[in-house]
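Letter by letter, the chains look like this.
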Amino acid sequence: MTQARERRGARARWAAAALAALTAAFALPGTAHADEPEADGVVIVGVPGLAWSDIDADATPNLWDLAGTGASAAMSVRTLGSWTCPEAGWISLGAGERAGGVAPRDAQCSAQSQLRPPVDTGSGWTVEDWDAFIEVNSAYNYGARLGSLADALAEAALAQETAAAEAEGDGEPAPEPNPGSCVAGIGDGAALAAADTEGRITYWAPGLDSLADAMDACDVVIVDPGVVIGDTADHAPDTSTDYDQLGEDDTEVGTDATSAEADPGEIAPEADPVRDAAVTAADTAIGQVRDALPDTWRLIVAGVSDASAPGSLHPVLYSGPGVEPGDLTSRTTGRDGYVQLTDLTATALAVVGADIPATVAGAPVTVLADADRTAAEAVARGADLTAASAANADVSPNFYWTLSFVGVAVMLLAAHLAAGPDRFRRTARTVCIAFSAVPVAGVAAGIPPWWRADHPKLAFWGLILAGVAVLTVAASLPWTRRGVRPVLVVAGAAAALIAVDQVSGATWPLHTPMGYTAQAGARYTGLGNYAFSVFAAAVILLVCFIPWRGRARIWGPIALGVCAVVIVGAPMLGRDMGGTLTLVAAGILCCLKLWGKRLSIGAVLAAGGIAFAVFAIGGILDYLRPEEDQTHLGRFVGSVLDGTATQILIRKASAAWGTVGESMTWISLAALVAAVLIWRKRAPIRTNAVAAAVVGLTAVAVIGGLVNDSGMSVPGFTAALGFGLLAVAVGPRHDTPALPAPEPAAKAPAAT
């Protein structure tokens, strides 16, 4: 009884330590955001299709000068699909949230580039068929409130008037309301961004001749120079299908995979006179804006959309009073040199001191000053970030399909290793170890700048093969190849690599298929779902197969699990809310089985309850931080409180369901078939360590697949690392007879 009480006390102490660690991780203080105006006003010039490669000292002197005198970043314009056409880009700028256009989104953006001017009602301007924009976007689950930018400024004006009236009523000096709390638009695309929620525009003009009047009327002016920088030749294999309406995956539009033609062509063409003329026209318009801009105003020049498929990152150049040369970043990216389209909406509001409503998903940009930054360095950095993102998007589909198809064969080899005859067993063991090293090598591939090579694809696959070779050799040395040591080598390398990356700033996964792509704009830092699956599987294997001794059998797994949960869930580290929920539940079930406990329904429910409690506590603590410091975990708690969480859950469920049938589905199914084959030959499981590993890996695969929007990718990557290593740890059946030794040759009878 005394020993049992001591064990329960130890578990309680470690549980309290885990809660304290999580509380400390989630409760770090943030910085407050000032609502004072930063400048008298801001002009946003949007140029669809503008690329870093367009900015040149001779061809675009105004853009070049802005790159050298102001701050800059590469911007994701991702809205509802893998590329964003001008109409969707402009409407998203006004909403501050991902939104779609009314016209079909074809691969050359020909329909969404033909924008109509607003209608003059005599008392103002109104976007024609505004109700159609609202109806189209109501079908999406981003909850975009069109016109949020204009409405936020209108609310600021109303608040000023109310404050003045109250002050006057109290006999105090009344502050004079700012008559410029509004949005003005110049150009057809700007009308979509400047409209309020009813489609009305305070001030609009067709050309830059009215820029001075627009700045007199409103503090925020949005300019569309009427230029779309893109190739006008139709090289796309598909120019008519509206993938937004079909709801299909459009990631391969404009690639070899979507056309049977011998040469479908690259959608991003070489420079030609048509593109050069468009760039020159845009630079001239930007020069007109700069000449008319007061010294107390700021200027933002941005490529607000793609001009055709595939999507890309686009430049943002920010200048004016208080803006020094350097990089831009924002809370939504958390990474130097990257911002999102919706951040421009929040930035415009912050510049003029208006409150940023909850409907605006972006955050104000922050300048990371670098006084020595030159225009050439800024353009080179932007071009490098864009090339890295494009190269990653290019190699990712092949990586996933190769991993999955090869994985199908490896899963069957793992079944042979654990339950088959002795023949080829050593080969199967080596192949399982090597394949489990592939996702680890995929994470490490983000360390060197492989996209800068003359042949990026070859460089990437060379890194993968090199990483696999190094880990396979490391797990096959005389002192590491016995028993479960290969499992500890590969799993330990995976867990350590990802942990070091998260602690050091999560710099590696951004440029590898195991992480996230800047073009997608979903995540720039923290722990992505693919890397989480690998990390969680590695932690489960370490918990189960490290040879704990004595009291370490209790506190060892707890300590390792607590550290892993902090890495996954802390706002300054992994910031993965689905991963936190998954790893806590899987870790508890794994430890209970490791300690020889029976997994009753009550135990499963208790594990789920504790996981949800950790998730809720972490979310609430994150929500209590200043809004500009919150991660998506805290913002999700906010969405629960304001009633918009349902849209988020539906969107994530839809994304998860959309992964069924994709690449990682097949390795997941192969792992399931292999598990059944092993179970039929090897059941029941005879050791607590193996049983705990089976429970833990299954929990990560199932729970992670259900709560993360990556869906089938979670069990797929869990199997890619964990299944083969588990088969290596289990080893062959003890009752498998060895091959019979050859009988000695019969001796010839002696001669008589």
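You'll find the structure just up there.
Residues numbered from 1 in each chain as written. Predicted model: local features only at pLDDT ≥ 70, side-chain atom pairs only at ≥ 80, totals over all residues. Heavy atoms only, no water.

Considering a positive patch on the surface
On the surface, a cluster of positive charge is made up of Arg426, Arg481, Arg482 and Arg485. Note on placement: Arg482 falls in the loop between helix H13 (456-474) and helix H14 (485-503). Residue Arg482 is classed as exposed on the basis of its relative accessible area of 55%. (Patch = residues over 30% accessible without salt bridge, like charges linked within 9 Å, V, L, I, M, F, W, Y side chains within 5 Å. Areas by Shrake-Rupley, 256 points an atom, 1.4 Å probe, with all protein chains shown as cover. Salt bridge = Lys/Arg side-chain N within 4 Å of Asp/Glu carboxyl O. Lys, Arg positive; Asp, Glu negative; His and termini not counted. Charge placed at Lys NZ, Arg CZ, Asp CG, Glu CD. Helix = DSSP H or I, 4+ residues; strand = E, 2+ residues; numbered from the N terminus. Buried < 20%, exposed > 50% of the residue type's maximum accessible area, 1.4 Å probe, protein only.)

Describing the pattern of salt bridges
The full count for this structure, using the stated rule, is eleven salt bridges. With a shortest N-O distance of 3.3 Å, Arg145 and Asp151 are connected by a salt bridge. Lys457 is the salt-bridge partner of Asp394, the closest N and O atoms lying 3.8 Å from each other. Of this pair, Asp394 sits in helix H11 (residues 375-419) while Lys457 is found in helix H13, placing the two residues 63 residues apart along the sequence.

Describing helix H9 (residues 273-292)
With 20 residues, H9 extends 29 Å from end C-alpha to end C-alpha; this agrees with the ideal 28 Å at 1.5 Å per step. Burial in H9 covers these residues: Arg275, Ala278, Val279, Ala282, Asp283, Ala285, Ile286, Gly287 and Val289. The inward-facing, buried residues of H9 abut strand S1 (41-46), helix H2 (61-69), helix H7 (211-217) and strand S9 (297-302). (Expected span 1.5 Å × (residues − 1). Contact = heavy atoms within 4.5 Å.)

Some points on the sheet that holds strand S6 (residues 200-201)
If you trace the three strands from one edge of the open sheet to the other, you get S3-S4-S6, paired in antiparallel fashion. Looking at strand neighbours, the two that pair on one side only are strand S3 (119-120) and S6, the edges of this open sheet. In terms of strand pairing, S3 meets strand S4 (residues 125-126) through two bridges, oriented antiparallel. Counterpart to Asp120 in the pairing with S4 is Trp125. (Pairing = 2+ DSSP bridges.)

Quick word on the state of the cysteines
In a disulfide, the sulfur atoms of two cysteines are covalently bonded to one another. On inspection of all chains with the given rule, the structure shows two disulfides. Linked covalently through their sulfurs, Cys85 and Cys109 form a disulfide whose S-S length is 2.1 Å. One quick way to see it: the torsion about the S-S bond of Cys85 and Cys109 is about -80°, and its sign makes the bridge left-handed. Note that Cys85 is positioned in the loop between strand S2 (71-76) and helix H3 (86-95) and Cys109 in the loop between H3 and S3, a separation of 24 residues in sequence. In this pair, the class of Cys85 matches that of Cys109, namely buried. Covalent S-S linkage joins Cys182 and Cys218, the inter-sulfur distance amounting to 2.0 Å. Taking the sign of the S-S torsion, about -105° here, the bridge from Cys182 to Cys218 comes out left-handed. (Disulfide = S-S within 2.5 Å.)

Examining a nonpolar patch on the surface
Side chains of Phe405, Trp666, Leu669, Leu672 and Val676 sit close together on the surface and give an oily, nonpolar patch of about 490 Å² of accessible area. Here the nonpolar patch takes four residues from helix H21 (residues 663-682), the largest share from any one element. As for its placement among the helices and strands, Val676 is situated in helix H21.

By themselves, these are just geometric observations and shouldn't be taken as functional.
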